Amino acid sequence: MAVARDQLASSPLLAECLVHQWTEGGTSGQSIRASLRGPSLQGAGTLKRTIRKLLQASNPTPSTPSTPFFPLKLTENGKTCILFWAKKLIVKLRNHTHVDLTDRAFSPSARLDLKGSSCSEEKAILSLRFGDVADLKGLVISFLLSNTYYESTAQSWFSLDSVHILYNRTKEANFNATQIYAPAVSSYHCQHVSSLHKYDTLLEPSSHGDNSLLWHITFIDIQIQAFNVEGGWFSPASDCASFFTPAVLMGLLMSLILLLVLAYALHMVLHLKSIEQLDEHRPSVYLEREAESEPRDKGQAGQ
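Criteria and cut-off values
- Residues numbered from 1 in each chain as written.
- Predicted model: local features only at pLDDT ≥ 70, side-chain atom pairs only at ≥ 80, totals over all residues.
- Heavy atoms only, no water.
- Disulfide = S-S within 2.5 Å.
- Helix = DSSP H or I, 4+ residues; strand = E, 2+ residues; numbered from the N terminus.
- Buried < 20%, exposed > 50% of the residue type's maximum accessible area, 1.4 Å probe, protein only.
- Salt bridge = Lys/Arg side-chain N within 4 Å of Asp/Glu carboxyl O.
- Pairing = 2+ DSSP bridges.

What to know about the state of the cysteines
This model, assessed by the stated rule, comprises two disulfides. Across the disulfide, C81 is cross-linked to C119 (sulfur-sulfur distance 2.1 Å). Disulfide C81-C119: torsion about the S-S bond near 75°, hence right-handed. Placement of C81 in strand β2 (residues 79-93) and of C119 in strand β4 (residues 118-119) is noted, with a sequence separation of 38 residues between them. The residue that forms a disulfide with C190 is C240, at a sulfur-sulfur distance of 1.9 Å. A torsion of 70° about the S-S bond marks the disulfide between C190 and C240 as right-handed. With C190 in strand β10 (residues 187-194) and C240 in the loop between β13 (237-239) and α7 (246-302), this pair connects stretches of sequence that are 50 residues apart. Using a relative accessible area of 26% as the deciding quantity, one classes C240 as partly exposed. Here the cysteine-cysteine linkages of the protein chain are recorded as 1-2, 3-4, numbering only bonded cysteines and doing so in sequence order.

Observations regarding the environment of T97
On the secondary structure map, T97 appears in the loop between β2 and β3 (99-100). Here T97 falls in the exposed class, since its relative accessible area comes to 67%. Each C-alpha atom, one on T97 and one on A134, is 9.5 Å from the other, the two residues being 37 residues apart in sequence.

Some thoughts on the pattern of salt bridges
Taken as a whole, this structure holds two salt bridges when the rule is applied. Of the charged contacts, one joins K88 and D100 as a salt bridge, the two residues approaching to 3.0 Å between their closest N and O atoms. One end of the pair, K88, is in strand β2; the other, D100, is in strand β3, and 12 residues separate them in sequence. With relative accessibility at 34%, the residue K88 sits in the partly exposed group. Salt-bridge contacts for D132 lead to R169; the nearest nitrogen and oxygen are separated by 3.4 Å.

Focus on the pairing of β10
Most of β10 is tucked away: six of the eight residues are buried. Pairing of β10 with β13 involves three bridges; the strand directions are parallel. Across the sheet, the residue bridging to H189 is D239, located in β13. Inspection of the sheet shows β10 paired to strand β12 (residues 215-226) by six bridges, in the antiparallel sense. Directly across from S194, in β12, lies its bridge partner T218.

Shown next, in the form of structure tokens:
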């Protein structure tokens, strides 16, 4: 593209367009500066400042990528059999500060040990070995999953059966998973899977005698899939959102109130119609009786 330097000097907007196109095309900042250097442009302070800003924008300083973490993959025999991802993975031992394990699990620089994980056609175990975290020694979080065929639905469903926490080498906390399942051809997604009551307690302490009551564990925006992973990525998700959400319950309640009002209105309309019908019949009966009494009165008068 041949453009006179005087045109560039008189039109900063045109220069901006050219610089933008050149930088997108892979031209370096130095070559752009060389192409724009000349007597007619040296006095254009506004153009220089504009070009400088564009060059800085086209060559930004390296920064931490803002893309989300990739899911955790368990691969056996060259094939991915479990996918796991969560926006936040938070655990808390009573009287201790909560520990955010998200970076340790999903960061590209994380060195998470998956020793003890396994896959089969009916059972799967995903074991996340975090090592020493804060004052927790040898922290391990394990997921036990199963794949079951149900004749009533004519398809297989996978479920998360339980979550186990091993800490300080020998202490354990076990949680039973409730209502965490999806068709085997889908992945499972939920906004919150937690042992906290405010998140519907999908993870319940297995017993009141172990250490699970001392723990709180929460997965935010979790997605997991096992047994039928194709292409190394999640299948369409089956969401855990309950049908009876607060919004749905409010809608049902308002619908019930409207139905009651409508039923009462119909009842009143029918009642008014019945009253009108009675009023219509009453005058006719009165007139008939009056007509019958008139001949009698005349006969008595004639006698």
